[in-house]
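Letter by letter, the chains look like this.
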Amino acid sequence: MVNNISILGSTGSIGTQALDVVDNRDNLKVSAITANTNIKVLEEQVRKYKPALAVVFDESKFSEFRSSVADTDTRVSAGMDGLIEAATFADADLVLNSVVGMVGLLPTLAAANAKKNIALANKETLVAGGSLVMKAVSDNGVSLYPVDSEHSAIFQCLQGSPSDKALKRLILTASGGPFFGKTAEELKNVTVEQALNHPNWDMGAKITIDSATMMNKGLEIIEASWLFDMPADRIDVVVHRESVIHSMIEYVDNSVIAQLGVPDMRIPIQYAITYPERFPSPVAQLSLTEYGKLTFFEPDYDTFKCLRACKEAIDRGGLCMAAANGANEVANRLFRERKISFLDIGDLVYEAMLNQENAEPKTVDDVLEADRTARELVAERAERL
């Protein structure tokens, strides 16, 4: 039973919903919290949850934050050292990593090496450094619980699996984002505001854009491959607009098991925290009659080039996945800054992935170097654009 939790990224979408789960559990305490730049909300969380440690990743905000909570008993820290301290905090039974981007890799490795169980909502960690992370988890005998709704759904469905040999394939569902059914020609001039208008989920800006490009689903294919030791050719994607079925598994006898629920991240968050137990949650009850029907479509790999890039990155293997992820982080940001077009994102991710040699990472430095090279390539190409 988890009694104390450390939340990396407590002011973001997943972090704030995790705190909703904490509010619903009498025996769950918050040991450490972290934020990137949102020190106003972080201060509010310090005063409400009274954690022993609070970290602001953006060191330029540290002095202001330290002054704002000086009258509390919470110790403060900053930067990557602070994130790692929160990830290895002695009192924490579980570390929820919900930071966005490659910044989550080092804290995840540190948590595993400190023998902390991990609830992982930072998909870039496994995409870029999957082999290193899974080795650290195995070597230290810790558990890695998926928080993404799709991977949580698969994890929940697998609880009834008689053996690994009984599993035939994984089926990830995708909402299709705001541009489902659009052609490349129709996507040439879409705006940031249109891309941020997700039909079902309330997520942060970076992840919402990833959903619009379907990069998010590509990252999830890679993540699922590592989490469930499944080759990519046995992981399928189906577009399911209603986001009621969160993912499925198929057994060798062709029976399919699905996990359903309203699109609310507090279900997978709570399950990762309380596994293997289930408790009442603040989430609304699912009514299938209110939906009336559920629909399913094939994804468009040609229009949504990010999805195709991730599939090819898995086939090429090695550091190609880290390159695709690093390229996307920069391209996603540049689009939100209105410096490149929506379709440029897929082109840049694809080029950076192909540019990377498919060597296997031996150390975390190999991953970080592939990430750096991909980011530089995208920045250089974007200047020309």
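About the cut-offs
- Residues numbered from 1 in each chain as written.
- Predicted model: local features only at pLDDT ≥ 70, side-chain atom pairs only at ≥ 80, totals over all residues.
- Heavy atoms only, no water.
- Helix = DSSP H or I, 4+ residues; strand = E, 2+ residues; numbered from the N terminus.
- Rg over C-alpha atoms; globule rule 2.2 N^0.38 Å.
- Buried < 20%, exposed > 50% of the residue type's maximum accessible area, 1.4 Å probe, protein only.
- Pairing = 2+ DSSP bridges.
- Axes fitted to C-alpha atoms, helices over the stretch in contact; angles between N-to-C directions.
- Right-handed = clockwise from strand over helix to strand, strands pointing away.
- Contact = heavy atoms within 4.5 Å.
- Core = buried A, V, L, I, M, F, W, Y, C linked by side-chain atoms within 4.5 Å.
- Expected span 1.5 Å × (residues − 1).
- Arc of directions from axis to C-beta.
- Parallel < 35°, antiparallel > 145°, perpendicular 65-115°, else oblique.
- Left-handed = near helix turned anticlockwise from the far one by under 90°.
- Nonpolar A, V, L, I, M, F, W, Y, C, P; charged D, E, K, R; others polar.
- Phe/Tyr/Trp six-rings, centres within 6.5 Å; stacked < 30°, edge-to-face > 60°.

### Overview of the overall build of the protein chain
And then number 1: Along the backbone of the protein chain there are 16 helices and eleven strands.
And then number 2: Against the compact-globule benchmark of 21 Å for 385 residues, the protein chain has a radius of gyration of 20 Å, which places it among compact chains.
And then number 3: Here the C-alpha coordinates of the protein chain stretch approximately 55 × 50 × 40 Å along the principal axes.
And then number 4: Burial analysis of the protein chain (385 residues in total) assigns 55% to the buried set.

### Structural notes on the sheet that holds strand 10 (residues 245–251)
And then number 1: Taken in spatial order, the four strands line up as 9-8-10-11 in an open sheet, and their pairing is mixed. Every other strand in the sheet has two partners, leaving strand 9 (235–239) and strand 11 (256–260) as the edge strands with one partner each. The mean angle between the axes of side-by-side strands here comes to 20°, regardless of whether they run parallel or antiparallel.
And then number 2: The sheet contact formed by strand 10 and strand 11 spans five bridges and is antiparallel. Paired with Glu 250 across the strands is Val 256, a residue of strand 11.

### Overview of the pairing of strand 6 (residues 117–120)
For a regular strand, side chains alternate in direction, first toward one face of the sheet and then toward the other.
And then number 1: Summarising the sheet, strand 5 (residues 94–97) and strand 6 pair through four bridges and their orientation is parallel. Its bridge partner being in strand 6, Val 95 is matched across the sheet by Ile 118.
And then number 2: Taking the sense of rotation as the criterion, the β-α-β connection linking strand 5, helix 5 (residues 105–113) and strand 6 turns out right-handed.
And then number 3: Across three bridges, the pairing between strand 6 and strand 7 (residues 144–146) is parallel. Its bridge partner lying in strand 7, Ile 118 is registered against Leu 144.
And then number 4: For the handedness criterion, the β-α-β arrangement of strand 6, helix 6 (residues 123–140) and strand 7 is classed as right-handed.

### A word on the sheet that holds strand 3 (residues 53–56)
And then number 1: An order of 4-3-2-1-5-6-7 is seen for the seven strands of this open sheet, with the pairing classed as parallel. Where the open sheet ends on each side, the last strands, each with one partner, are strand 4 (75–78) and strand 7. Across the sheet, the mean angle separating the axes of adjacent strands is 20° when strand polarity is ignored.
And then number 2: Of the strand pairs in this sheet, strand 1 (residues 4–8) and strand 2 (residues 29–35) are connected by five bridges, and their pairing is parallel. Bridge assignment links Ser 6 to a residue of strand 2, and that residue is Ala 32.
And then number 3: Along the sheet, helix 5 makes contact with strand 1, strand 5 and strand 6, crossing strand 6 at roughly 150°.

### Side note on the nonpolar core
And then number 1: In this structure, Ile 5, Phe 65, Val 147 and Leu 170 are the most contacted members of the largest nonpolar core, which totals 121 residues.
And then number 2: In terms of residue count, the dominant contributor to this core is helix 14 (residues 320–336) (ten residues).

### A short note on helix 16 (residues 364–384)
And then number 1: Under the 1.5 Å per step criterion, the end-to-end length of helix 16 is 31 Å for 21 residues, consistent within 8% with the ideal 30 Å.
And then number 2: Residues of helix 16 that are buried include every one of Val 367, Ala 370, Asp 371, Ala 374, Leu 377, Val 378 and Ala 382, and no others. All buried residues of helix 16 lie within an arc of 130° about the axis, which places them on one face of the element. For helix 16, the exposed residues set more than 90 degrees away from the buried face come down to Asp 365, Glu 383 and Arg 384.
And then number 3: Buried positions along helix 16 lie against helix 5, helix 6, helix 14 and helix 15 (342–355).

### Side note on the packing of helix 1 (residues 13–23) against helix 2 (residues 39–49)
And then number 1: Across the interface, helix 1 lies against helix 2 with an axial gap of 13 Å and an inter-helix angle of 15°. With respect to their mutual orientation, helix 1 and helix 2 come out roughly parallel. Judged by the sense of rotation from one axis to the other, the crossing of helix 1 with helix 2 is left-handed. Taken together, the residues of helix 2 that come into contact with helix 1 (itself represented by Thr 16, Leu 19, Val 22 and Asp 23) are Gln 45, Lys 48 and Tyr 49.
And then number 2: Of the residues that constitute the contact of helix 1 with helix 2, the class distribution is three nonpolar, two polar and two charged.

### Focus: the packing of aromatic side chains
The relation between two aromatic rings is expressed through the spacing of the ring centres and the mutual angle of the planes.
And then number 1: As enumerated under the stated definition, the model contains eight aromatic pairs in all.
And then number 2: Centroid distance Tyr 271 to Tyr 275: 5.6 Å. Interplanar angle 75°. Geometry classified as edge-to-face.
And then number 3: With relative accessibility at 6%, the residue Tyr 271 sits in the buried group.
And then number 4: Residue Tyr 275 is classed as partly exposed on the basis of its relative accessible area, which comes to 27%.

### Some points on the environment of Lys 293
And then number 1: Residue position: Lys 293 is located in the loop between helix 12 (288–291) and helix 13 (305–316).
And then number 2: Given a relative accessible area of 60%, Lys 293 falls into the exposed group.
And then number 3: Sequence-wise, Lys 293 and Glu 242 are 51 residues apart; in three dimensions their C-alpha atoms are separated by 8.8 Å.

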